[in-house]
Amino acid sequence: MKTDVAPAGLVEQSLYEVRKTIHPRAVHGWFAAWRWALVWATQLVFYGTPWLQWNERQAVHFDIVHRKFYIFGLVFWPQDIIYLTVLLIIAALSLFLFTAVAGRLWCGYACP
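Criteria and thresholds
- Residues numbered from 1 in each chain as written.
- Predicted model: local features only at pLDDT ≥ 70, side-chain atom pairs only at ≥ 80, totals over all residues.
- Heavy atoms only, no water.
- Helix = DSSP H or I, 4+ residues; strand = E, 2+ residues; numbered from the N terminus.
- Buried < 20%, exposed > 50% of the residue type's maximum accessible area, 1.4 Å probe, protein only.
- Contact = heavy atoms within 4.5 Å.
- Areas by Shrake-Rupley, 256 points an atom, 1.4 Å probe, with all protein chains shown as cover.
- Polar contact = N/O pair within 3.5 Å; in protein donor to acceptor, adjacent residues only side chain to side chain.
- Patch = residues over 30% accessible without salt bridge, like charges linked within 9 Å, V, L, I, M, F, W, Y side chains within 5 Å.
- Salt bridge = Lys/Arg side-chain N within 4 Å of Asp/Glu carboxyl O.
- Phe/Tyr/Trp six-rings, centres within 6.5 Å; stacked < 30°, edge-to-face > 60°.
- Lys NZ or Arg CZ within 6 Å of the ring centre and 35° of its normal.

Caption draft 1: Quick look at the overall build of the protein chain. For the protein chain, the helix and strand inventory stands at 2 helices and 3 strands. When its helices and strands are written in sequence order, the protein chain yields α-β-β-β-α. Residues counted as buried form 12% of the 112 residues belonging to the protein chain. In the protein chain, the proportion of contacts linking residues at least 24 apart, taken out of those at least 6 apart, comes to 22%. On the protein chain, roughly 10,900 Å² of surface is accessible, and the fraction owed to carbon and sulfur atoms is 68%.

As structure tokens, this is what we get:
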């Protein structure tokens, strides 16, 4: 004979909980100030690079029509793509190394 009586100590609980609000707190201090300084620095580099002049030319300019890439004083042609590839691979590997060694600092304080 089977009964539908719950054993003592068990309480029925709803599957859904009432949503609790999350309130972010303001962070102040030395690391927060450095974080904002680095955010501003990276944004200035990102948005300021197109206005940099180098030898009466835009410092970083990818001229797709004429198939030339101007990066500061260097001119790269399509056949020089191997150099750009090596540069990008080195940049990616150094980024991986940096994030592996100091990833917590990068993502917590410097990442824009």
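On we go.
Caption draft 2: Highlighting the side chain of aspartate 63. Looking at the element boundaries, aspartate 63 is found in strand S1 (residues 60–63). Within the local environment of aspartate 63, its side chain forms a polar contact with the side chain of histidine 66, the two groups lying 2.9 Å apart. Excluding residues that lie within four positions of it along the chain, aspartate 63 makes contacts with Lys68, Phe69 and Tyr70.

Caption draft 3: A look at unusual backbone geometry. We note that glutamate 56 has phi near 55°; this positive angle belongs to a residue other than glycine. Tracing the chain through its elements places glutamate 56 in the loop between helix H1 (30–48) and S1. In this structure, phenylalanine 72 takes a positive phi of about 55° despite not being glycine. With respect to the helices, strands and loops of the structure, phenylalanine 72 is situated in the loop between strand S2 (68–71) and strand S3 (74–76).

Caption draft 4: Structural context of a nonpolar patch on the surface. Side chains of Trp30, Phe31, Trp34, Leu38, Leu105 and Tyr109 sit close together on the surface and give an oily, nonpolar patch of about 640 Å² of accessible area. Elements supplying a minimum of two residues to the nonpolar patch: H1 and helix H2 (81–110). Broken down by element, the residue count for the nonpolar patch peaks at 4 residues, all from H1.

Caption draft 5: Quick look at the environment of tyrosine 109. Inspection of the secondary structure assignment puts tyrosine 109 in helix H2. Between the alpha carbons of tyrosine 109 and arginine 35 there is a distance of 4.5 Å; along the sequence they are 74 residues apart.

Caption draft 6: Local environment of the packing of aromatic side chains. Inspection of every chain in the model, using the stated rule, returns 5 aromatic pairs. Counting every residue linked through ring pairs, the aromatic cluster contains Trp30, Phe31 and Trp34. The residue whose ring lies beneath arginine 35 is tryptophan 36, and the NZ or CZ to ring-centre distance is 5.4 Å.

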